Amino acid sequence: MFDRNSDYALNKKDPDAIVCKSATGIHIRLTRLDFSSQEEFEKWKHWSDEDYHHTEKKDHVYANHIVPTDKLVEVSVTVISPEEELMEAYDRQERERLYLQLKDGLELCLTSAQRRRLWLYLEGLTENNIAKAEGVRQQSISECLQAALKKLKNFFKNTL
């Protein structure tokens, strides 16, 4: 994190002076008038800017690779244990297996009309809406859905 009151920031903010800490820790400003010539001031200003920048970069390298103690709990919670990774992999495999089984069940034991009508029903359409869209009686849709559910139930009972 950039500190606006660091030696580097204070020195960089003031192009007409070299800002540094005295032996007592107080910031002092050395202006152009404190040097024998303009060239000498420029030389030392350039040197101080580069030195502070180099020091600041070293501090950032350190700070960028540590975790503050107030963030330590968040970081430790996000680490996934090998057991959790294994369980997640198992869960993914199990979901994939069940998905394929459901897909097989839908394709193998239901007619295309049963699949279509069941899908529409699961999407939230009522039996009346499906019947109206297909130009058939509501009772036909109801019987078709009941038959589809019965077939799926038998399919899963036999495969599980």
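As the structure is a prediction and not an experimental result, all values here were calculated from the model.

Asker: Explanation requested: a negative patch on the surface in the structure shown.
Answerer: Taken together, the side chains of Glu83, Glu84, Glu85, Glu88 and Asp91 make up a negatively charged region of the molecular surface. Assignment of secondary structure puts Glu84 in helix α4 (residues 82-109). Classification of Glu84 as partly exposed rests on a relative accessible area of 42%.

Asker: How do you make sense of the nonpolar core when you look at a structure like this?
Answerer: The tendency in soluble globular proteins is for nonpolar side chains to be buried as a group. In terms of nonpolar packing, the biggest core is built from 10 residues, these being Cys109, Leu110, Leu118, Ile130, Ala131, Ile141, Leu145, Ala148, Leu152 and Phe155. Of all elements in the fold, only α6 (127-134) and α7 (138-159) reach the threshold of two or more residues within this core. No other element matches the 5 residues that α7 contributes to this core. With residues up to four places along the chain from it excluded, the contact list for Leu145 reads Arg117, Leu118, Tyr121 and Glu127.

Asker: Even after reading the chapter, I still don't get the packing of helix α5 (residues 112-122) against α7, so can you show me in this structure?
Answerer: Packed helices, taken two at a time, are described by the angle their axes make and the gap between the axes. It is at 9 Å that the axes of α5 and α7 come closest, and there the two elements cross at 100 degrees. In terms of their interaxial angle, α5 and α7 are classed as roughly perpendicular. Residues Ala113, Gln114, Arg117, Leu118 and Tyr121 of α5 lie in contact with α7, whose contacting residues are Ser140, Ile141, Cys144, Leu145, Ala147, Ala148, Leu149, Lys151 and Leu152. For the contact of α5 with α7, a count of residues per class yields 10 nonpolar, 2 polar and 2 charged.

Asker: Where do I start with the packing of α5 against α6 in this structure?
Answerer: Taken N-terminus to C-terminus, the directions of α5 and α6 make an angle of 135 degrees; their axes are 9 Å apart at the nearest point. Taken together, the axis directions place α5 and α6 in an arrangement best described as oblique. Between α5 and α6 lies a crossing of right-handed hand. Each of Arg116, Arg117, Leu120 and Tyr121 in α5 lies in contact with α6, whose residues at this interface are Glu127, Ile130 and Glu134. Its residues placed into classes, the contact of α5 with α6 shows 3 nonpolar, no polar and 4 charged.

Asker: Can you help me understand the layout of surface pockets in this one?
Answerer: Empty space among the atoms becomes apparent when a probe as large as a water molecule is rolled across them. Considering only enclosed or pocket space, the largest pocket measures out at about 180 Å³ in volume. In terms of lining residues, the largest pocket is bounded by Leu102, Leu106, Arg115, Leu118, Trp119, Leu122 and Leu152. Broken down by secondary-structure element, the contributors of at least two residues to the lining of the largest pocket are α4 and α5. Examining the composition of the lining of the largest pocket, we find that 4 residues originate from one element, α5, more than from any other. A class-by-class count of the residues in the lining of the largest pocket yields 6 nonpolar, no polar and 1 charged.

Asker: Which parts of the structure should I look at to understand the confidence of the model for the chain?
Answerer: Parts of the prediction with low pLDDT should not have their coordinates interpreted in detail. Per-residue confidence for the chain averages 81 on the pLDDT scale, and 84% of its residues sit at or above 70. The secondary structure element of the chain with the lowest average pLDDT is helix α3 (residues 69-78), at 62, and the one with the highest is α6, at 95.

Asker: It is not clear to me how the side chain of Lys45 should be interpreted in this structure. Could you clarify?
Answerer: With respect to the helices and strands, Lys45 occurs in helix α2 (residues 38-64). Polar contacts involving the side chain of Lys45 include one to the main-chain carbonyl oxygen of Ala17, which spans 2.8 Å. Among residues more than four places away in sequence, those in contact with Lys45 are Asn11, Asp14, Pro15, Ala17 and Ile18.

Asker: Would you take a moment to explain the pairing of strand β1 (residues 17-21) for this structure?
Answerer: The two faces of a sheet get side chains in turn, since along a regular strand they alternate between them. Across the 5 residues of β1, 4 count as buried, placing the element largely inside the fold. Relative to strand β2 (residues 27-31), β1 runs antiparallel, the two being bridged by 5 bridges. What sits directly across from Val19, in β2, is Arg29. The hairpin turn running from β1 into β2, its antiparallel successor, is 5 residues long, and Gly25 in that turn takes a positive phi close to 90 degrees.

Reading the values: the criteria
- Residues numbered from 1 in each chain as written.
- Predicted model: local features only at pLDDT ≥ 70, side-chain atom pairs only at ≥ 80, totals over all residues.
- Heavy atoms only, no water.
- Patch = residues over 30% accessible without salt bridge, like charges linked within 9 Å, V, L, I, M, F, W, Y side chains within 5 Å.
- Areas by Shrake-Rupley, 256 points an atom, 1.4 Å probe, with all protein chains shown as cover.
- Salt bridge = Lys/Arg side-chain N within 4 Å of Asp/Glu carboxyl O.
- Lys, Arg positive; Asp, Glu negative; His and termini not counted.
- Charge placed at Lys NZ, Arg CZ, Asp CG, Glu CD.
- Helix = DSSP H or I, 4+ residues; strand = E, 2+ residues; numbered from the N terminus.
- Buried < 20%, exposed > 50% of the residue type's maximum accessible area, 1.4 Å probe, protein only.
- Core = buried A, V, L, I, M, F, W, Y, C linked by side-chain atoms within 4.5 Å.
- Contact = heavy atoms within 4.5 Å.
- Axes fitted to C-alpha atoms, helices over the stretch in contact; angles between N-to-C directions.
- Parallel < 35°, antiparallel > 145°, perpendicular 65-115°, else oblique.
- Nonpolar A, V, L, I, M, F, W, Y, C, P; charged D, E, K, R; others polar.
- Left-handed = near helix turned anticlockwise from the far one by under 90°.
- 1 Å grid on protein atoms, 1.4 Å probe; cavity = no way out; pocket = protein on both sides within 12 Å on 5 of 7 lines; lining within 4 Å.
- Points joined across faces, edges and corners; volume = space filled by probe spheres on them.
- pLDDT = per-residue confidence, 0-100.
- Polar contact = N/O pair within 3.5 Å; in protein donor to acceptor, adjacent residues only side chain to side chain.
- Pairing = 2+ DSSP bridges.

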